There are 2 protein chains.
Amino acid sequence: MHPLESLFNPQSVAVIGASHHEGKIGNIVVHNIIVSGYKGKIYLINPKGGKILGLPVYKSIDDIPSVDVAVIVVPAKIAVEMADKVASKAKYIIVITSGFSEIGNIDMEQKLVESARKHGSRILGPNVFGIFSSKAPINATFGPAEIKKGNIGVISQSGALGIAMIGKAAEDNLGLSAIVSIGNKADLSEVEILSYLFQDELTKVIFMYIEGLENGHEFMEIVKKKPEEKKIIALKAGRSRAGARAVASHTGSLAGSDEIFDAAFRQAGILRADSLEDAFNWVATIAASPPPKGENVVIITNGGGLGVIAADACEKYGLKLYDDMEMLQKIFEDVMPEFGSYKNPVDLTGQAGAREYELALRRAFENDAIHAILALYCERGDAELESLMNTLIRVHKEYEGKKPALYALFGGEGTTKIVTEMKKDRIPAFYEVEDAVSSLHVLYKAYEKREEEEIEDIEMDDDAIRKIIDAAINEGRSRLLSHEAKEILLHAGLDVPPFRLAGNIDEAIEYANEIGYPVAMKVVSEDIIHKTDVGGVVLNVENDEEAIDAYELIMKNCHMHARRARIEGIEITKMLPPGTETIVGATTDASFGKVLMFGLGGIYVEVLKDVSFRIAPISKKEAEKMVREIDSYPILAGIRGEKRKDINAIIDSIYRIGILVNKFGEISELDINPLIVYEKGAKVVDARIMIKVKK
Amino acid sequence: MHPLESLFNPQSVAVIGASHHEGKIGNIVVHNIIVSGYKGKIYLINPKGGKILGLPVYKSIDDIPSVDVAVIVVPAKIAVEMADKVASKAKYIIVITSGFSEIGNIDMEQKLVESARKHGSRILGPNVFGIFSSKAPINATFGPAEIKKGNIGVISQSGALGIAMIGKAAEDNLGLSAIVSIGNKADLSEVEILSYLFQDELTKVIFMYIEGLENGHEFMEIVKKKPEEKKIIALKAGRSRAGARAVASHTGSLAGSDEIFDAAFRQAGILRADSLEDAFNWVATIAASPPPKGENVVIITNGGGLGVIAADACEKYGLKLYDDMEMLQKIFEDVMPEFGSYKNPVDLTGQAGAREYELALRRAFENDAIHAILALYCERGDAELESLMNTLIRVHKEYEGKKPALYALFGGEGTTKIVTEMKKDRIPAFYEVEDAVSSLHVLYKAYEKREEEEIEDIEMDDDAIRKIIDAAINEGRSRLLSHEAKEILLHAGLDVPPFRLAGNIDEAIEYANEIGYPVAMKVVSEDIIHKTDVGGVVLNVENDEEAIDAYELIMKNCHMHARRARIEGIEITKMLPPGTETIVGATTDASFGKVLMFGLGGIYVEVLKDVSFRIAPISKKEAEKMVREIDSYPILAGIRGEKRKDINAIIDSIYRIGILVNKFGEISELDINPLIVYEKGAKVVDARIMIKVKK
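Predicted model, so just to flag it, every value in this text is computed and none were measured.

Conventions adopted
- Residues numbered from 1 in each chain as written.
- Chains lettered and ligands numbered in written order.
- Predicted model: local features only at pLDDT ≥ 70, side-chain atom pairs only at ≥ 80, totals over all residues.
- Helix = DSSP H or I, 4+ residues; strand = E, 2+ residues; numbered from the N terminus.
- Contact = placed C-beta atoms within 7 Å.
- Least-squares fit on C-alpha atoms with pLDDT ≥ 70 in both.
- Nonpolar A, V, L, I, M, F, W, Y, C, P; charged D, E, K, R; others polar.
- Axes fitted to C-alpha atoms, helices over the stretch in contact; angles between N-to-C directions.
- Left-handed = near helix turned anticlockwise from the far one by under 90°.
- Parallel < 35°, antiparallel > 145°, perpendicular 65-115°, else oblique.
- Pairing = 2+ DSSP bridges.
- Domains from an automatic or database assignment.
- Buried ≥ 20, exposed ≤ 12 C-beta atoms within 10 Å, placed from the backbone.
- Right-handed = clockwise from strand over helix to strand, strands pointing away.
- pLDDT = per-residue confidence, 0-100.
- Arc of directions from axis to C-beta.
- Expected span 1.5 Å × (residues − 1).

Looking only at helices and strands, chain A has 24 helices and 30 strands in total. Excluding contacts between residues fewer than 6 apart, the proportion of contacts in chain A whose partners are at least 24 apart in sequence is 71%.

As structure tokens, this is what we get:
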């Protein structure tokens, strides 16, 4: 049994602060519990005693036995005072009361949590509207009393919006398996609620309204355990401007909170909606539709521009219009009027009424070559809409388990009424073509095959890496020196061309000969970030003589342009032949932890911001998706007769970085810029690693 | 008086094919004309005679006097037979009848037009639903009888969709100044209708549904004459895949019909909607709102997530949230409840009801620092929605001319009713936050200052250009040779570095010395398109010896790899220092004529398709917008410490190409690839010009 079973299916409930006055929250909650048909025990607590809505009232919490759930509606101060006692009696405490951390009263909230911890109780809230669960059933909210049962589970961070969602769901006749507001998340968060809904057989689709996640890492972990057949749609509000954060790396400066949520959702297979309207349309469609068995979509229309608009939208969303003309003709032969068209969108012409739609829909539902149906109707002045409505509903209901069928009817009061009635029958019907197509697209996305792949631990020289990091930490250095960063990457298994740190001219010549000319020479100093700007880099050094000149030049430049810089030496590296420059990076997000980035180097990253993100660590499959996702991917795949670059080498590099930063949490930022990719292999040219030094 | 005045405000109307049978189109049209309160003369024609809806029926068109408008509803064949007679009696003929070019009967349609031409009449249609004009008023359509009057003019290419739009407008209580369906556009097209609506004082905003334009050039000309205060919103359906067209140039292959419509609309200041829902929302908002006087938007909310969602959407659309905290506090001081927030979105908290909204709205309307209002409301279980509704409507009506105010109310039946009622009062109210913000954004865009600039004719050596083109045409060559293309560009005033065509080794050496080493040498042959592929190019030729080698090598390569190619000679050009490669091109669109393209060369064009388009010719201002519009613009503006490139030189080049292709219509395609841009100047390196050779 799931640990939250007693929250969603309690045997007994206490309402602390039940009220005698109609309209008060403490009265509405009691009313809603009763009206919802709750069959367990209800204990009402109010020092005044008496009766509320026919139920006896206990004057003190001392007077009642232990309960599964206690709902607190008394003012914040009293709630804190009573918390200890309540926690001693209830497994779950729903704190509807507001006035805690959301207005700065963090201490009071902390006290609530401490009381609960002491007794092993858990808290939902504070600052929530309560919980509805169709399993019990119980409606312990102060929202609308009537909530329809169904297969949609809702988690809302905002209480106010949650209540409005109940209203919206009722209007659209969406059935809920549960709706939970998590408010300030002092204790229980979306993670535990998701974990419950994943195993709840009543829930098919989950809608989450999120403003922020404190525990993105746990969130990703739990979402990985989502059963294949359940679907999550999320609306994330509150975009923060990336510019507001001060970061030292490319990766960090490009990784805005919104981009990271986007990456996390994509990675987790969560469908992200941009508006409440989309979210509700999508939820309704997934809740009411079987999975599509193939890609062939057929559009049925009575002509006008609707067919064209729908075909446009299908192209935009990448939906495939079934185009086997011979087959289409065979399917719709006996339905098609004069001047009609078999070409998908199948045009039944303006003359088509209930009879024609019935026949066409039957044909489309019955033929296995068609996998999904989009039926459109454009209002005409003279049509009998009543019979059309009855027909559409009747035919859809007859076949609805067979394949997805979505409807869009455009016009005035007549078609609005049809859509409204179809919605009441839980048929995915829309006022707008674009909404229908977008919903069908999301239905397809929801059932896309997701190949999971294990993240294997790969061999790295952990001890060597640890040693370098610890040394820096001990010295209080947050930025690793170039050769330190390269050594770590080498130990992590990346391809780092030979490099040596020379402390004087003799060493420089020795190392250059060891590595083999031509070499590049770069100053190494914790104090010099932009080496090129101070003249600290000389490329294409061909022989000993040039090496001596280069060494002296770099030293002179640095003494001139960065007089106080403490110079560690000069790094000698092999000059590499030109290849395609990419950038692989990692940064630390406050919520999700380690985040990986990939893009093409230079202008692609800096100007076009053409990069992809993922939460670390990732599988090789996911790393491959990261590489393919960028717009400039064709450059890697080979264009203009150029050979394909070694994409596997990039994938391997990203994969290793993911494991590295995950294993060594102290690495707060990492940039390999560039990682030069060749037809065979990918080599680290420059690397920067930032370490989190504890103060 | 506008030539179409008699169509929109006719003194007399004849219905050819008026029907005795209720439900028939010929009966509905008569009914609608009568019901619409039309005050002019009505003549009904039907060989059966008698009376229809109380009006006498003439047996023949011969029996009636001349009329302003004749509406034809008889079958297509009869319509063609009668066309001559009808044209002799009517200035305007509205052919509702379908069955013409839309199903392939092009000849029949042509006959209609010929009859009309003979008598100087004009045709609207065929295949239309008719016309409604509030000026007359007259509703000569077979759509709904009741159409509300207002300031919105609608032009629909689709008849079926047009009728549905009337229904939708009625449901949303949008008032129309006119709605016209243009159907097959055998004679009158959107161009003339626009020209009428531009001078029609009843029309403020125009909504167009377009599937295709045959006369894009005239369309652009008329739209340039749009009065500043009138706004156009267009929905363009029917995207054609660019890939379906066979084209020889980069510009041609990138210029899909949809991209060109996008460019044309942008250039013309037409607001493009992607869905019917957006279009209706935007039209309603512009129709009902005064122009915003400044950029400061204030969001008023009762909390929940709606404020966050709205702020996100404002950021997405670039709307500026007023953020003078001191001022906001002063404005809303006496409205704000405990726990409320002055920070925009201004949060009145969940306790806010009608009274608080009234006060807050009054403050926002009355303070001149606020230029636009977005008022949100999230449904609560316990609120008195009736009084909120009355308050919102009353307060809005009191102030509505003062500044734009848009409303979004989210929830169930309660808020739906408020939005519906507000719409009835022609207040821009929405069920969805995103819709409200998008509509406000479009309102701002509609009133953006548009600086027009004259396109001056610039001096070109027209005669020299004409000579080159004519020579190619005479020889039946559609592709100009490289040096011909360069000569044309030189005559057009572009900066083309020295080039000569050498017919033998001696000439090659002579020209190379004349131009000055280093030079590039390239084969010139009509039969060789990809010069590099056959080894027809040698770069960086430094002296006579190398020139001889290069000449021989190119000849050898060409004879080997392109044995049958007729070689014109070898082009000698100055080697140019590296710079930023751009591409400037022109192509010919079936509808809009000459189209210009600009982008950065190589991968930016080929992989990222980062290009901008305009319909030629364009002003320098518009050319500048083209350059700034591409994503990679920062590369030209100067990044990573690089100096700004000579953007004026690019603008000048595009400007000249625009004038060139417009003046010499025979130039069907043109690519300058690359146009290398320096800190000073932009030079043509390679050019290709295609000529339309009449067969």
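Turning our attention to the relation of the copies chain A and chain B. Of the transformation superimposing chain A on chain B, the axial component is 0.0 Å and the angular component is 180°, with the fit at an RMSD of 0.2 Å. The transformation relating the two chain copies, once decomposed into turn and shift, fits a two-fold axis. In this assembly, 100% of the residues forming the interface of chain A have copies in chain B that are likewise at the interface, indicating an isologous arrangement.

With that out of the way, let us pick up the interface of chain A and chain B. One frequent convention defines the size of an interface as the accessible area lost when the parts assemble. The interface of chain A with chain B comprises 56 residues on the first partner and 56 residues on the second. Of the residues belonging to the side of chain A that touches chain B, the class tally is 25 nonpolar, 16 polar and 15 charged.

Time to look at the packing of helix α22 (residues 620–629) of chain A against helix α24 (residues 647–663) of chain A. Residues and elements named next belong to chain A. For the pair α22 and α24, the least separation of the axes is 9 Å and the interaxial angle reads 115°. In this structure, the crossing between α22 and α24 has a hand that is right-handed. Two secondary-structure elements touch here, α22 through Lys 620, Ala 623, Glu 624, Met 626 and Val 627 and α24 through Ile 647, Ile 650, Ile 651, Ile 654 and Tyr 655. The residue makeup of the contact of α22 with α24, split by class, is 8 nonpolar, no polar and 2 charged.

Residues and elements named next belong to chain B. At a minimum axis distance of 9 Å, the contact between helix α13 (residues 354–366) and helix α14 (residues 385–399) shows a crossing angle of 15°. What the angle tells us is that α13 and α14 run roughly parallel. For the crossing formed where α13 meets α14, the hand is right-handed. Together, Ala 354, Tyr 357, Glu 358, Leu 361, Arg 362 and Phe 365 of α13 and Ser 387, Leu 388, Thr 391, Leu 392, Val 395 and Tyr 399 of α14 make up the contact between the two elements. Across the contact of α13 with α14, the residue classes tally to 8 nonpolar, 2 polar and 2 charged.

Now for the sheet that holds strand β24 (residues 567–574) of chain A. Residue and element names in this part refer to chain A. Within the open sheet, the 4 strands sit side by side as β21-β24-β22-β23. Their pairing is antiparallel. With one partner strand each, in any of the chains shown, β21 (499–502) and β23 (537–541) form the two edges of the open sheet. Neighbour-to-neighbour, the strand axes of this sheet turn through a mean angle of 25°, independent of strand direction. Judged from the 7 bridges that link them, strand β22 (residues 519–525) and β24 form a sheet pairing that is antiparallel. Along β24, the bridge assignment pairs Val 524 with Gly 569. Along the sheet, helix α20 (residues 544–561) makes contact with β22, β23 and β24, crossing β23 at roughly 170°.

Let's shift gears to unusual backbone geometry. All names here are of chain A. Residue Pro 126 is reached from Gly 125 by a cis peptide bond, and omega for that bond is 0°. Within the secondary structure, Pro 126 is located in the loop between β7 (122–124) and β8 (130–133). Here the amide bond leading from Tyr 517 into Pro 518 is cis, since omega sits at -5°, within 30 degrees of zero. For Asn 127, which is not glycine, the phi dihedral falls at a positive 70°. Among the secondary structure elements, Asn 127 is positioned in the loop between β7 and β8.

Here the focus is the sheet that holds strand β7 (residues 122–124) of chain B. All names here are of chain B. Judged by pairing direction, the sheet is mixed, and its 7 strands sit side by side in the order β3-β4-β2-β1-β5-β6-β7 without closing on themselves. The sheet is open, and its two borders are formed by β3 (51–52) and β7, each paired with just one other strand. Here 2 bridges tie strand β2 (residues 41–45) to strand β4 (residues 55–58), and the two strands are oriented parallel to one another. Opposite Leu 44, over in β4, you have Val 57 as the bridge partner. In the packing of helix α3 (residues 76–89) onto the sheet, the strands contacted are β1 (12–16), β5 (67–72) and β6 (90–95), and the crossing angle to β6 comes to about 150°. The sheet contacts of helix α4 (residues 106–119) involve β6 and β7, and relative to β7 the element is tilted by about 140°.

Now for the domain arrangement of chain A. Each assigned domain of chain A is listed with its residue range as follows: domain 1 (298–446) and domain 2 (498–575). A C-alpha centroid distance of 71 Å is found between domain 1 of chain A and domain 2 of chain A.

All names here are of chain B. Within the secondary structure, Lys 620 is located in helix α22 (residues 620–629). Along the backbone, Lys 620 and Asp 84 are 536 residues apart, and their C-alpha atoms lie at a distance of 49 Å. Excluding residues within four positions of it along the chain, Lys 620 makes contact with Glu 453, Ile 651 and Tyr 655.

As a further point, take the pairing of β6 of chain B. All names here are of chain B. Counting buried residues in β6 gives 6 out of 6 residues, a clear majority hidden from the surface. Direction of pairing for β5 relative to β6: parallel, over a ladder of 5 bridges. From the neighbouring strand, Ala 70 faces β6, where its bridge partner is Ile 93. On the question of chirality, the crossover connecting β5 to the parallel β6 by way of α3 is right-handed. Direction of pairing for β6 relative to β7: parallel, over a ladder of 3 bridges. Bridge assignment links Ile 93 to a residue of β7, and that residue is Ile 123. Chirality of the crossover, the property in question, places the unit of β6, α4 and β7 among those that are right-handed.

In this section: the environment of Glu 146 of chain A. All names here are of chain A. Inspection of the secondary structure puts Glu 146 in the loop between β9 (138–141) and β10 (149–156). Here Glu 146 falls in the exposed class, since 11 other C-beta atoms lie within 10 Å of it. Note: C-alpha distance between Glu 146 and Arg 614 (468 residues apart in sequence) is 41 Å.

So, on to the confidence of the model for chain A. Residues and elements named next belong to chain A. The share of residues in chain A with pLDDT of 70 or more is 97%, and the mean pLDDT across the chain is 92. Confidence drops under pLDDT 50 across residues 241–248; counting only partners more than four residues distant or on other chains, this segment forms 8 contacts. Across the assembled chains, the prediction reports ipTM 0.89 with pTM 0.91.

All right, on to the pairing of β4 of chain B then. Residues and elements named next belong to chain B. In terms of strand pairing, β3 meets β4 through 2 bridges, oriented antiparallel. Across the sheet, the residue bridging to Ile 52 is Leu 55, located in β4. Counting the residues between successive antiparallel strands, the hairpin from β3 to β4 contains 2 residues, one of them, Leu 53, with a positive phi of roughly 50°.

All names here are of chain A. Listed in full, the buried residues belonging to helix α7 (residues 216–224) are Gly 216, Phe 219 and Val 223. Projected down its long axis, α7 shows its buried positions confined to an angular sector of 55°, all on one face. Turning to α7, the residues buried within the fold contact α6 (190–199), α9 (257–268), β25 (580–589) and β26 (593–600).

Take Ala 237 of chain A: it is sitting in the loop between β13 (231–236) and α8 (250–254). Ala 237 of chain A has contacts with Glu 211 of chain A together with Gly 305, Val 308, Ile 309 and Asp 312 of chain B, leaving out every residue within four places of it along the chain.

Glancing now at α9 of chain A. All names here are of chain A. For α9, which comprises 12 residues, the first-to-last C-alpha distance of 16 Å matches the rise-based estimate of 16 Å (1.5 Å per residue) to within 8%. Among the residues making up α9, those that are buried are Ser 257, Ile 260, Phe 261, Ala 263, Ala 264 and Gln 267. Relative to the axis of α9, the buried residues are bounded by an arc of 160° and lie together on one face. Each element contacted by the buried residues of α9 is listed here: α7, β13, β25, β26, β27 (611–615) and α22.

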